[in-house]
Amino acid sequence: MHAAELVVVVDSDFDCDVDLGQEVTIASMSDGLTSETPACVVVTDPDATPSDRAPTILYTDTDPSDVDSPGRFDGYVRRGDTESLQTQIQWLLSQRSGDAVGDSAGTERDRLKRLYEGTTELITAETVDELYDRAIGLAEHILEFDNTSFVVHEDDGFYIRANSEDLVGTGPIPTDLGILGETYQTQESYLVDDIQSHPNAAPNDPAYRSVVSVPMGETGVFQAISNEKDAYDETDLRLAELLVSYVSETRARIETEAAMRHSREQIERLHHGATELAATTSLTELFERTVEITDDILDFHLSYIGVIEGDEIVPTAISSDAPEDGAERVSVDEEGGIAAKTYRTGETQLVEDIASDSDAKPVKRTYRSGLSVPIADIAVFQAASYVPNAFDETDAELTELLMAHVAVTADRIEAESHLREERDRSSALFAHVSDAAVAYDVEDGVVTVTDVNRAFEDIFGYDAVDVVGTDLLGRVVPPATSTAADADDGDDIPELRVAVGESYRGEVRRRADEGIREFILNVVPLSPGEERGSGYAIYTDITERKEREEELERQNERLEEFANIVSHDLRNPLGVARGNLELARATGEDERFDTVENALDQMEALVDDLLSLARRGQLVDETMPIDLRTVAKQAWASVESANATLQTAEGTVVDADEDRLAELLGNLFRNAIEHGGDDVTIDVGGVDGGFYIQDDGPGIEPERRDSVFEPGETTGDDGIGYGLTIVESIAEAHGWTVLVTDSPDGGARFEFRT
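Residues numbered from 1 in each chain as written. Predicted model: local features only at pLDDT ≥ 70, side-chain atom pairs only at ≥ 80, totals over all residues. Heavy atoms only, no water.

Colleague: Just give me the short version of the packing of helix 5 (residues 234-278) against helix 6 (residues 283-297), but keep the residues and values in it.
Modeller: At a minimum axis separation of 10 Å, helix 5 and helix 6 run at an interaxial angle of 165°. In this view, helix 5 runs roughly antiparallel relative to helix 6, as classed from their interaxial angle. Along this stretch, helix 5 crosses helix 6, giving a crossing that reads as right-handed. For the pair formed by helix 5 and helix 6, the contact residues are Gln266, Arg269, Leu270, Gly273, Glu276 and Leu277 on the first element and Leu286, Arg289, Thr290, Ile293, Asp296 and Ile297 on the second. (Axes fitted to C-alpha atoms, helices over the stretch in contact; angles between N-to-C directions. Helix = DSSP H or I, 4+ residues; strand = E, 2+ residues; numbered from the N terminus. Parallel < 35°, antiparallel > 145°, perpendicular 65-115°, else oblique. Left-handed = near helix turned anticlockwise from the far one by under 90°. Contact = heavy atoms within 4.5 Å.)

Colleague: Which residues make up the sheet that holds strand 15 (residues 369-375), and what are the values?
Modeller: Read across the sheet, six strands follow the order 13-12-11-16-15-14 without closing on themselves; strand pairing throughout is antiparallel. Each edge of the open sheet is held by one strand with a lone partner, namely strand 13 (330-331) and strand 14 (349-351). Strand direction decides the pairing type here: strand 14 and strand 15, joined by three bridges, are antiparallel. Pairing of Val351 across the sheet is with Gly370, part of strand 15. Most of the contacts of helix 6 go to strand 11 (residues 303-309), to which it runs at about 150°, and overall it touches strand 11, strand 12 (312-318) and strand 16 (379-385). (Pairing = 2+ DSSP bridges.)

Colleague: Could you give me a rundown of the pattern of salt bridges, with the residues and numbers involved?
Modeller: Applying the stated criterion across every chain, the model contains 31 salt bridges. One salt bridge in this structure joins Glu416 and Arg412, with 3.0 Å as the shortest N-O distance. Placement of both Glu416 and Arg412 in helix 8 (residues 393-432) is noted, with a separation of four residues, approximately one turn of the helix. Owing to a relative accessible area of 33%, Glu416 belongs among the partly exposed residues under this scheme. The network of salt bridges with shared partners includes Glu507, Arg545, Lys546 and Glu549. (Salt bridge = Lys/Arg side-chain N within 4 Å of Asp/Glu carboxyl O. Buried < 20%, exposed > 50% of the residue type's maximum accessible area, 1.4 Å probe, protein only.)

Colleague: Outline the environment of Arg253, listing residues and values.
Modeller: For Arg253, the location among the structural elements is in helix 5. Given the relative accessible area of 27%, Arg253 is considered partly exposed. The sequence separation of Arg253 and Val128 amounts to 125 residues, and the corresponding C-alpha distance is 9.7 Å. Setting aside anything within four residues of it in sequence, one finds Arg253 in contact with Leu122, Ile123, Thr124 and Ala125.

Colleague: So what's going on with unusual backbone geometry? Residues and values would help.
Modeller: Leave glycine aside and you will find that most residues have negative phi; peptide bonds, for their part, are mostly trans. Going from Gly171 to Pro172, the amide bond is cis rather than trans, its omega being 5°. Of note, Ala376 is a non-glycine position whose phi angle comes to about 50°, a positive value. Although it is not a glycine, Asp444 adopts a positive phi angle of roughly 55°. Among the secondary structure elements, Asp444 is positioned in the loop between strand 17 (436-443) and strand 18 (446-452). A relative accessible area of 75% places Asp444 in the exposed class.

Colleague: How would you sum up the packing of helix 15 (residues 628-637) against helix 16 (residues 658-676)? Please name residues and give values.
Modeller: Helices that pack against each other are described as a pair by the angle of their axes relative to one another and the distance between those axes. Put simply, helix 15 and helix 16 touch, their axes get as near as 8 Å, and they point 60° apart. By the angle between their directions, the pair helix 15 and helix 16 is classed as oblique. As for how helix 15 packs across helix 16, the hand of that crossing is right-handed. Residue-level inspection shows Leu628, Val631, Ala632, Gln634, Ala635 and Trp636 of helix 15 in contact with helix 16, the latter providing Glu658, Leu661, Ala662, Leu665, Gly666, Phe669 and Ile673. Here the residues of the contact of helix 15 with helix 16 sort into ten nonpolar, two polar and one charged. (Nonpolar A, V, L, I, M, F, W, Y, C, P; charged D, E, K, R; others polar.)

Colleague: Tell me what's going on with a negative patch on the surface, and back it up with residues and numbers.
Modeller: A cluster of like negative charges, contributed by Asp590, Glu591, Asp594, Glu597, Asp601, Glu604, Asp608 and Glu640, occupies part of the molecular surface. With respect to the helices and strands, the residue Asp594 is situated in helix 14 (residues 591-614). (Patch = residues over 30% accessible without salt bridge, like charges linked within 9 Å, V, L, I, M, F, W, Y side chains within 5 Å. Areas by Shrake-Rupley, 256 points an atom, 1.4 Å probe, with all protein chains shown as cover. Lys, Arg positive; Asp, Glu negative; His and termini not counted. Charge placed at Lys NZ, Arg CZ, Asp CG, Glu CD.)

Colleague: Tell me about the pairing of strand 16, and name the residues and values.
Modeller: For strand 16, the tally of buried residues reaches seven of seven residues, placing the bulk of the element in the interior. The alternating pattern of strand 16 places Ala379, Phe381, Ala383 and Ser385 and Val380, Gln382 and Ala384 on opposite faces, both of which are buried. Of the strand pairs in this sheet, strand 11 and strand 16 are connected by five bridges, and their pairing is antiparallel. Bridge pairing in strand 16 places Ser303 opposite Ala383. With seven bridges connecting them, strand 15 and strand 16 associate as antiparallel partners. By the bridge assignment for strand 16, Gly370 is matched with Ala384. Taken together, strand 15 and the strand that follows it, strand 16, pair antiparallel across an intervening segment of three residues, in which Ala376 is found at a positive phi of about 50°.

Colleague: Break down helix 5 for me, with residues and values.
Modeller: The end-to-end C-alpha distance of helix 5 is 65 Å, a good match for the 66 Å that 45 residues give at a rise of 1.5 Å each. The backbone nitrogen of Thr235 lies 3.1 Å from a side-chain oxygen of the residue at the head of helix 5, namely Asp233. (Expected span 1.5 Å × (residues − 1). Polar contact = N/O pair within 3.5 Å; in protein donor to acceptor, adjacent residues only side chain to side chain.)

Colleague: Residue-level account of the packing of aromatic side chains, with values.
Modeller: Under the criterion given, the structure shown has 16 aromatic pairs. One aromatic cluster is present, formed by Phe456, Phe460, Phe519 and Tyr539 through successive ring pairs. Its end group placed over the ring of Tyr462, Arg475 keeps NZ or CZ at 4.6 Å from the ring centre. Positioned above the aromatic ring of Tyr692 is the side chain of Arg749, whose terminal nitrogen or guanidinium carbon lies 4.2 Å from the ring centre. (Phe/Tyr/Trp six-rings, centres within 6.5 Å; stacked < 30°, edge-to-face > 60°. Lys NZ or Arg CZ within 6 Å of the ring centre and 35° of its normal.)

Colleague: Outline helix 7 (residues 337-345), listing residues and values.
Modeller: Residues of helix 7 that are buried: Gly337, Ile338, Ala339, Ala340 and Thr342. Contacts from the buried residues of helix 7 go to strand 11, strand 12, strand 13, strand 14, strand 15 and strand 16. Gly346 sits one or two positions beyond helix 7 and adopts a positive phi of about 70°.

Colleague: Can you break down the side chain of Asp395 residue by residue, with the values?
Modeller: Within the element layout of this structure, Asp395 appears in helix 8. No salt bridge forms around the buried Asp395; measuring N to O, its nearest opposite-charge neighbour Arg269 is 12 Å away. Leaving out residues up to four positions away in the same chain, Asp395 has contacts with Phe300, Leu371 and Ala390.

Colleague: So what's going on with the environment of Thr56? Residues and values would help.
Modeller: Locating Thr56 in the fold gives a position in strand 4 (residues 56-60). Take Thr56: its relative accessible area is 0%, and that puts it in the buried class. Sequence separation of Thr56 and Arg72 is 16 residues, and the distance between their C-alpha atoms is 8.6 Å. When sequence neighbours within four positions are dropped, the list of residues in contact with Thr56 reads Val41, Val43, Pro50, Ser51, Phe73, Asp74 and Gly75. A distance of 2.9 Å separates the side chain of Thr56 from the backbone nitrogen of Ser51, its partner in a polar contact.

Shown next, in the form of structure tokens:
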């Protein structure tokens, strides 16, 4: 067959640009350009059916281990590996062009197929050493090579990493020695039929006669050595190159995965280390632990942290392996070298060779490379090495990641230190303040007590051990069943303001050990303007002061009432009496004395009312259970009742001062007769929680019911307007409430709740 007749058929998804020479035609299945006997077929679909007319190569991203029955293909190449694909195709073409015929061609094709099948075993290797050992096995058992080796290049020469004999570990072998060195230097494959006649051969065993030598890039060289002359041919070389391509690709994958695992492990360990840093409580502890982490995780063994103090960088923590003079105090200006530059610029400095860096001013001349990373604006981390190029970008990135955690933790430690100082000062004031004080936290509207002082225990009646950890509002804010004056608006409870960092000062009512009391409340957030939800509440008890103020106000009101009565209500009848006495003297008319007598009676009534008003607001004497019906009859006997009627129910008992209860009833009886007429009917009885007095008179208009208790308020012709004022004052003295409403007959009804 002529070279021009060689055809390679590829499927429609084939996208690789291979150079097979002018003698080879690449035909696409989609173009219909097929040959009766193609040299080989290339498919990209792992589910494709191999050709039954020519060897088929699978060119795909799918791993051989994931291909169903991979043995049905004659070769496998990872998609994108153009060099390996070209090598495999050329080898197959060489078999078709006459390099191998008959049974020999079938045998070589079988070796290629078995090599391809063996790649599955290579791909599953987890380490490079395991990969080399498996590849040695393939070379020996499938490719039928004799003494095979994988030789790797290290700093001081070659070392045998894997070998079919017992030569593992041999080295160092000079990198410029023999065919091994020439293969590595030229990066070209060699097929030597007779080593003894080769000008560059330098076998370490005189029995060696022939060799296949294939480069593995910068990693090293693969060699198959035989003690027989002409032991290998071009087919062996092609197969060796295919094996090396599989090994190189798999090694790259293993090394990449290992590097990724190492990187992940480093990041995970750094994360764990950062978690440990978060538990530190001082900057000294933080920096010492940071240096330990960089030594342990990043494999830095000459590192330190310098803290900014004024215009200097002062070493604070240093590696345990570093010499005692491994770091020193330096200036932050240009004289401070790389550390100062790092601080001034706020940027990481990666120095590959300190000797050639003009900014470097190493503490020790033996330092050859370094890494310098800022820690916010408070410190600088530096690592050094005795060899050049010891640090790379990955080291810099991981160190920056760790130092970011260090900076955050340092900020937290300084904030907590400041907060502790503030708390210490606040705690001293808290413990010694004479008013009731409570420290608390607010979270989701719940006020939790964290501490109370002695005054709080005394005033509110709770021991610290019982109240700490409980809800403050549930203990001190009056319940919803209290009067409106006793309770706060649920949406504006001052103690809650610390949740948003707000202060408060104002008067509140709070439930203390002795009941509801008046306080001036001072709310002080621990962090003003911040939503930290912690603070103090200080309660200054002003109950007695408020009571004195209220009593003084009542006294002033009574004085004003007395002044009104004296200036007006007493002056009028006094003037009437005086005028009629003068007329009686002048005229001698006796009826003038009747007018004078009426005026004096009115003045007497006013004096009686003044005596009652004088006692207004005073507390009642000792109370006792009183039969309401009995006291009502006593009060009725003291009233000019004319034709009025009193009805009383039996069985109503009131806890009261008997004399003042009688006074209250008498005023209500007189009020009913005055407004309801001489024949009014008055009813006295009990209600749930108190008693009532009602009549069948004209009643009181709804719009006047709030004002009838005001001094001087009256609609009658004879009244002076103080009877109901006296009634209200007696009720208040007992602690009762009074309600004015309609009676069933349309008259006035007064209900007292005791």
